[in-house]
Amino acid sequence: MEYRVQLDLFEGPLDLLLYLIKKNELDITDIPIADVTEQYLQYIKMMKDLNLDIASEYLVMAATLTQIKSRMILPSPEPGEAEEEDPRAELIRQLLEYQKYKEAADSLLSREILGRDTFVRSVPEETVVEPEGPGVEASLFDLLDAFRSVMKKATDPGAGEEVLALEEISHYRISLAQRMDEILLLLSKAVEKYPVEQGIPFEDLFEGEMTRAFIVVTFLSLLELIRQKLVRIFQMELFGRIWVRPRLAPINEPEPEPPAETPELPLFPLEKPAAENPVEPAIAPPAPAETPTEPQPPAEPQPTNEPQPPAEPQKPEEPQPSTESHSSIEPAPPPEPQAPIADSPAPEENSEVPGKVNEDPETGSGTQTS
Amino acid sequence: MEKGKIAGIIEALVFTAGNPVSVKELIAAMPDIPPEDIRIVLEELVQEYQCHPDRGLNLVEVAGGYQFRTRAEFAPWVLRLNLQKPARLSRASLETLAIIAYRQPVMKSEVDVIRGVESGGVIQTLLEKNLVRILGRKDTVGRPLIYGTTPEFLEIFGLKDLSHLPTLKEIEE
């Protein structure tokens, strides 16, 4: 999992550079590159000393700066054609472009913002999370249940051809992007079949090849479509049949590509979950979804404007050893706590939560008026 | 019908709708009143609310419609009533949103280049907050997604439409 602590003062290397330029009251179009480079590297070093994970973009910029600096020092090879472009030109252009949008962001921020300065009769959140169409939103668990039953049907020992299909898996390549397009197309066509709901039953997505790979890819594609808010899944009653419906007008008619001529976009390691144990990767997700409920503490620092990064990573360790000690009652307690810390997901889970919280206060300070 | 009554109907309609009500909808709701009258009265109403800064509400044109909104100076009290959560947007989100707003339809890679950092996570947040939406896929290698802003974006920043975005400062050479 990728997780990085960002110095919340800076949004990126360009932001840091702009900051240095402002701080030193420099002319952005005529940056004394040697000075700026040195200061920039000092900041990078400081971040390193603080043990912050430095985003790779910062290092790339450090390299760029150093390169520009060296090019500035070198005399131009042929004095005759001295009209060589300023080595800084590209960087300056980039900085100006970035600054332009930074200012645009400021001017947006200075407007009367709904939910901050001005309010409407209905709660803004309502318009943001609009309950659209009939039925209730199906939960992830409903989806997983439905997925499991499709999978069960496909791998029913009664049907012999599935075993055959399993062997083909390693050669089967279909990208998520491709399958997502296919699903959207399917949905847009389904309007004739199910006029009222303007969607199709969940199981219908899996019509066709009932191979594990196909089912898994289809399911993952569906999850991705949900994540991107391109489809909505709902039930007419609780625990009822799951329906899938497009959220937008179908986007730019994808040409239905035959899945056979494939891999222009080999996306994710699809084969892996499909080949090894197709059910488990899908079942796994709920576990992390459940756990975040218990590390509440990080949520509290929200109101304070101060970012409070890793709240108390120690806390979740306490319950861990106790559960672990049930299984192995060895007379060597000291080394034991080590293990649960290492492989229990809790600390990592925890480290992510403050990350999210971390963004909020920073926002708060930026957005909120007192 | 006398103007005062038309104004009353408009107020009632805009108040109950909650979401911005377009002129078209107002006209449709008042079939026996000439559209021109409705437009005139509507404009007068907007002016009238503007001229009374001591009143709590403003009638504003936003996202292609009209809506009653509270005046900014009363925000502290509204917030104290605690019915509504203050809007929160991180600096990174705001910058990214600005780039998408001005450059749409735009690919993630273009946003990355302008910001100088990877912007996937931020765009995801904006998608979740319904400020940004996927417009489709670009017909180039990899068929990347292209992004644009939503009507909610206009509503939240109080913009009539995209042409009313504050003008960008041009880059001087």
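Residues numbered from 1 in each chain as written. Chains lettered and ligands numbered in written order. Predicted model: local features only at pLDDT ≥ 70, side-chain atom pairs only at ≥ 80, totals over all residues. Heavy atoms only, no water.

Turning our eyes to something else, we now look at the overall build of chain A. When its secondary structure is counted, chain A shows 15 helices and four strands. Within chain A, the fraction of its 370 residues that count as buried is 41%. When contacts within chain A are restricted to residue pairs at least 6 apart in sequence, those whose partners lie at least 24 apart make up 71%. Here chain A has roughly 21,000 Å² of accessible surface; of this, 57% comes from carbon and sulfur atoms. (Helix = DSSP H or I, 4+ residues; strand = E, 2+ residues; numbered from the N terminus. Buried < 20%, exposed > 50% of the residue type's maximum accessible area, 1.4 Å probe, protein only. Contact = heavy atoms within 4.5 Å. Areas by Shrake-Rupley, 256 points an atom, 1.4 Å probe, with all protein chains shown as cover.)

A count of helices and strands for chain B gives eight helices and five strands. Counted from the first residue to the last, chain B has its helices and strands arranged as α-α-α-β-β-α-α-β-α-α-β-β-α. Residues classed as buried in chain B amount to 46% of the 173 residues present. Across chain B, the fraction of contacts at a sequence separation of at least 24, relative to all contacts at a separation of at least 6, is 45%. With the model as given, the accessible surface of chain B reaches about 8,700 Å², and the carbon-plus-sulfur share is 56%.

Looking now at the sheet that holds strand E3 (residues 106-107) of chain B. All names here are of chain B. Taken together, three strands build an open sheet; the order of strands is E3-E5-E4 and the sheet is antiparallel. Two strands close off the open sheet at either side, each with one partner strand: E3 and strand E4 (132-137). In this sheet, strand E5 (residues 145-149) lies alongside E4 in antiparallel orientation, the contact comprising five bridges. Note that in E5 the partner of Val132 across the bridge is Thr149. The strands touched by helix H7 (residues 120-128) within the sheet are E4 and E5, with E4 carrying the most contacts at an inclination of about 110°. (Pairing = 2+ DSSP bridges. Axes fitted to C-alpha atoms, helices over the stretch in contact; angles between N-to-C directions.)

What follows covers the nonpolar core. Phe202(A), Leu97(B), Ile100(B), Leu126(B), Tyr147(B), Phe153(B) and Phe157(B) are the most contacted members of the largest nonpolar core, which totals 61 residues. Once residues lying within four places of it in the same chain are set aside, the contact partners of Leu97(B) are Leu89(B), Leu126(B), Leu131(B), Val132(B), Thr149(B), Phe153(B) and Phe157(B). Core analysis: the next-biggest nonpolar cluster, separate from the first, contains 26 residues, Ile28(A), Ile33(A), Tyr40(A) and Ile68(A) among them. (Core = buried A, V, L, I, M, F, W, Y, C linked by side-chain atoms within 4.5 Å.)

Within H7(B), the full set of buried residues consists of Val122(B), Ile123(B), Gln124(B), Thr125(B), Leu126(B) and Leu127(B). The inward-facing, buried residues of H7(B) abut helix H9 (212-227) of chain A together with helix H5 (91-103), helix H6 (108-115), E4 and E5 of chain B. Among the residues trailing H7(B), Asn130(B) stands out with phi positive, at a value near 65°.

Before going further, it helps to spend a moment on the pattern of salt bridges. One pass over the full model with this rule turns up 20 salt bridges over all chains. Salt-bridge contacts for Arg179(A) lead to Glu182(A); the nearest nitrogen and oxygen are separated by 2.7 Å. A residue pair is termed a helical-turn pair when its members lie 3 or 4 positions apart in one helix, as Arg179(A) and Glu182(A) do in helix H8 (residues 176-189) at three residues. The same class applies to Arg179(A) and to Glu182(A), which are both buried. Here Arg91(B) ties to Glu95(B) by a salt bridge, and the two come within 3.8 Å at their closest N and O atoms. Of this pair, Arg91(B) and Glu95(B) both sit in helix H5, four residues apart, which is roughly one turn of the helix. (Salt bridge = Lys/Arg side-chain N within 4 Å of Asp/Glu carboxyl O.)

Before going further, it helps to spend a moment on the sheet that holds strand E3 (residues 231-235) of chain A. Backbone-to-backbone hydrogen bonds pair the strands of a sheet. The strands run either parallel or antiparallel. All names here are of chain A. Pairing is antiparallel in the open sheet, where four strands are placed in the order E1-E3-E4-E2. Only two strands of the sheet have a single neighbouring strand rather than two, namely strand E1 (136-137) and strand E2 (200-201). Against the sheet, H8 touches E2, E3 and strand E4 (242-246), its axis set at about 95° to E4.

This next bit is on the confidence of the model for chain B. In the predicted model, chain B carries a mean pLDDT of 88, and the fraction of residues at 70 or more is 94%. The least confident element of chain B, judged by mean pLDDT, is helix H4 (residues 75-81) of chain B at 81; the most confident is E3(B) at 95. (pLDDT = per-residue confidence, 0-100.)

So, on to the packing of aromatic side chains. Counted under the stated rule, the structure contains eight aromatic pairs over all chains. Geometrically, the ring pair formed by Tyr19(A) and Tyr43(A) is edge-to-face, given 6.2 Å between the ring centres and 85° between the ring planes. A residue pair is termed long-range when its members are at least 10 positions apart, and Tyr19(A) in helix H1 (residues 13-23) and Tyr43(A) in helix H2 (residues 33-49) qualify at 24 residues. On the basis of relative accessibility, which here comes to 36%, the residue Tyr19(A) falls in the partly exposed class. For the ring pair Tyr49(B) and Phe68(B), a centre distance of 5.3 Å and an interplane angle of 65° mean the geometry is edge-to-face. With Tyr49(B) in helix H3 (residues 35-50) and Phe68(B) in strand E2 (residues 65-70), the pair connects residues that are 19 residues apart, well separated along the chain. (Phe/Tyr/Trp six-rings, centres within 6.5 Å; stacked < 30°, edge-to-face > 60°.)

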